[in-house]
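Structural overview
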Amino acid sequence: MYHDQRGLVAHAVHSQIDLHQAYGGVVPELASRDHVRRIVPLYRQVLADAGIVAADIDAVAYTAGPGLAGALLVGAAFAESVALALGRPAIPIHHLEGHLLSPLLSADPPAYPFVALLVSGGHTQLMRVSAVGEYEMLGETLDDAAGEAFDKTAKLLGLPYPGGPALAALAQQGTPGRVKLPRPMLNSGDLDFSFSGLKTAVLNAVNKGLDEAGRADLAAEFQEAVVDVLVGKSLAALRQTRLKQLVVAGGVGANRRLRERLDLELAQRKGRVFYPELALCTDNGAMIAFAGAQRLAAGLAHPADAHEIAVRPRWPLDTL
């Protein structure tokens, strides 16, 4: 729940990690069924935590895409129904726009324009952000995203789901450089990414056999390789745009090593890097509420009588 003067007044997240852990990844049907069970209690909880009633709501924002169609439909149907019942506008939000704007929720937000590194799940992108709704794609992944590579590499190393945090923890016990892995497209001359080859290199190393120390060293080298590429491309994007502010958003943005490297590199260049609060790095409703409030303030919301349950599982951010 976001208030334009009081800021974020309440938010709640129900994690599905335990639900999907036994399967080693997200099962779409289970995810959408769990959404149906959880969405009304979460809605009521947030209203109570904010100390308001439904009639106090000015608009309802929800994730319309990209993502799993079933889960998106649950949220869209509920949000549009609430908005219709209240006679308020419903604001469909791009999932990545929520991540992109989430650092603006912090006590010390960046100012426009800035470069954004989005590293969320199946997405790794660099964007130039001029204002709400004004996004220019600078580069994106051509195959596996950084988050996917983390999860798949973790699985190859026998680590539990979700793989990213588990791999980062194992990497702290190892030493990068003892196992050699490539830095894909680091010197490609553009701002695109590719991580599938890095994952294949990990598979080859695993197939040769590893003891416990070797697993930790491989995890450390893998993490360092991903961080090298993300940092190198981000710095290139700042040079290309001649900007000094970098926003990092999405689940991989919580990675400690990535933050250490970016903080150091930007400080040396008299620039600044901004992150969302750690609790807002992974998927959450707070960032969607904030993005909706920004669109409402900018006059980009739909009219209050325009209600349509439509989702976009595939939705390029630069088409907004």
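Residues numbered from 1 in each chain as written. Predicted model: local features only at pLDDT ≥ 70, side-chain atom pairs only at ≥ 80, totals over all residues. Heavy atoms only, no water.

**Some points on helix α3 (residues 69-86)**
Note: α-helices contain 3.6 residues per turn, so residues at a spacing of three or four share the same orientation. The cut-off we apply is this: Numbering goes from the N terminus for both helices and strands, where a helix is a DSSP run of H or I of at least four residues and a strand is a run of E of at least two. In this scheme, a helix's expected span is set at 1.5 Å multiplied by one less than its residue total. Only protein chains enter the accessibility calculation, which uses a 1.4 Å probe; a residue is then buried when its area is under 20% of its type maximum, exposed when over 50%, and partly exposed in between. It only takes one pair of heavy atoms within 4.5 Å for two residues to be counted as in contact.
Between its terminal C-alpha atoms α3 stretches 26 Å, which fits the 26 Å expected from 18 residues at 1.5 Å a residue. Listing the buried residues of α3 in full gives Ala71, Leu72, Val74, Gly75, Ala76, Ala79, Glu80, Val82 and Ala83. If you follow the buried residues of α3, they end up packed against α2 (28-50), β3 (60-65) and β4 (90-94). Taken from the residues just after α3, Gly87 is the one with a positive phi, measuring 70 degrees.

**Structural notes on the nonpolar core**
Heads up, the condition is: In this text, buried Ala, Val, Leu, Ile, Met, Phe, Trp, Tyr and Cys residues form a nonpolar core when linked through side-chain atoms within 4.5 Å.
Phe195, Phe222, Leu230, Leu246 and Val248 are the most contacted members of the largest nonpolar core, which has 48 residues in total. Those elements giving two or more residues to this core turn out to be β5 (114-120), α5 (146-156), α6 (163-171), α7 (196-207), α8 (212-241), β8 (245-249) and α9 (256-268). Tallying contributions element by element places α8 first for this core, with 15 residues. Setting aside residues up to four positions removed in sequence, Val248 forms contacts with Pro103, Leu117, Val119, Gly253, Leu258, Leu262, Val273, Phe274, Tyr275 and Pro276.

**Some details on the pairing of β3**
Formally: We call two strands paired when DSSP finds no fewer than two bridges between them.
Pairing between β3 and β4: five bridges, direction parallel. Looking at the pairing, Val60 lines up with Ala90 of β4.

**What about the side chain of Glu224?**
Convention followed: Polar contact is the term for a pair of N or O atoms within 3.5 Å; when the atoms are in protein, one must be able to donate a hydrogen and the other to accept it, and sequence-neighboring residues count only if both atoms are side-chain atoms.
Structurally, Glu224 can be placed in helix α8. Polar contacts involving the side chain of Glu224 include one to the side chain of Arg257, which spans 2.9 Å. Those residues in contact with Glu224 that sit more than four places away from it in its chain are Pro176, Arg183, Arg257 and Arg261.

**Here we look at the environment of Ser196**
The residue Ser196 is located in helix α7 in this model. Among the residues examined, Ser196 registers a relative accessible area of 24% and is labelled partly exposed. Considering only alpha carbons, one finds Ser196 and Ala146, 50 residues apart in sequence, at a separation of 9.2 Å.

**As for the sheet that holds strand β6 (residues 123-131)**
Rules: Interaxial angle, 0 to 180 degrees, is taken between N-to-C directions of lines fitted to C-alpha atoms, where a helix line uses only the stretch in contact.
The strand order β7-β6-β5-β8-β9 describes an open sheet built from five strands, whose pairing is mixed. One side of each edge strand has no neighbouring strand; the edge strands of this open sheet are β7 (134-140) and β9 (272-274). Neighbouring strand axes in the sheet, compared pairwise and without regard to direction, differ in orientation by 25 degrees on average. Where β5 lies against β8, four bridges are found, and the strand directions are parallel. For Leu117, the partnering residue across the bridge sits in β8 and is Val248.

**Overview of the UniProt feature "binding site: substrate" (unreviewed entry) in the protein**
Applied cut-off: UniProt positions are given in the numbering used here, feature names are shortened, and annotations may be inferred rather than shown by experiment.
Look at the UniProt record and you will see "binding site: substrate" (unreviewed entry) annotated at Leu118, Val119, Ser120, Gly121, Gly122, Asp151, Gly164 and Asn255. On the basis of relative accessible area, Ser120 is assigned to the buried category, the value being 7%. Excluding residues that lie within four positions of it along the chain, Ser120 makes contacts with His95, Leu96, His99, Gly250, Gly251 and Asp283. On the accessibility criterion, Asn255 (9% relative accessible area) is buried. Not counting chain neighbours up to four residues away, the residues in contact with Asn255 comprise Phe150, Ala168, Gln223 and Val227. At a separation of 2.9 Å, a polar atom in the side chain of Asn255 contacts the side chain of Gln223.

**So, the environment of Lys233**
Mapped onto the fold, Lys233 is located in helix α8. Residue class for Lys233 comes out buried when judged on its relative accessible area of 2%. In this structure, the C-alpha to C-alpha distance between Lys233 and Ser194, residues 39 residues apart in sequence, is 12 Å. If we skip the residues at most four places from it in the chain, Lys233 touches Leu126, Met185, Leu186, Ser188, Asp190, Leu191, Asp192 and Phe193. At 2.7 Å, the side chain of Lys233 and the backbone oxygen of Met185 are in polar contact.

**Structural notes on the domain arrangement of the protein**
Stated formally: All domain edges in this entry derive from an automatic or database-based domain assignment. Here the quantity called buried area is the total loss of accessible area, with a 1.4 Å probe, experienced by two parts when brought into contact, counted for both. For this document, the term salt bridge refers to a Lys or Arg side-chain nitrogen within 4 Å of an Asp or Glu carboxyl oxygen. Gly is placed with the polar residues, together with every amino acid not listed as nonpolar (Ala, Val, Leu, Ile, Met, Phe, Trp, Tyr, Cys and Pro) or charged (Asp, Glu, Lys and Arg).
Domain annotation of the protein identifies domain 1 (2-99 + 282-298) and domain 2 (107-275). At the junction of the two partners, domain 1 supplies 15 residues and domain 2 supplies twelve residues. Together, the buried faces of domain 1 and domain 2 total about 1,100 Å²; carbon and sulfur atoms form 68% of this surface. Between domain 1 and domain 2 we count zero salt bridges in total. Here domain 1 is connected to domain 2 by three residue pairs in polar contact (both at pLDDT 80 or more). Of all the elements in the fold, those that place two or more residues in the side of domain 1 that touches domain 2 are α1 (17-21), α4 (95-101) and α10 (285-297). Its residues assigned to classes, the side of domain 1 that touches domain 2 comprises four nonpolar, eight polar and three charged.

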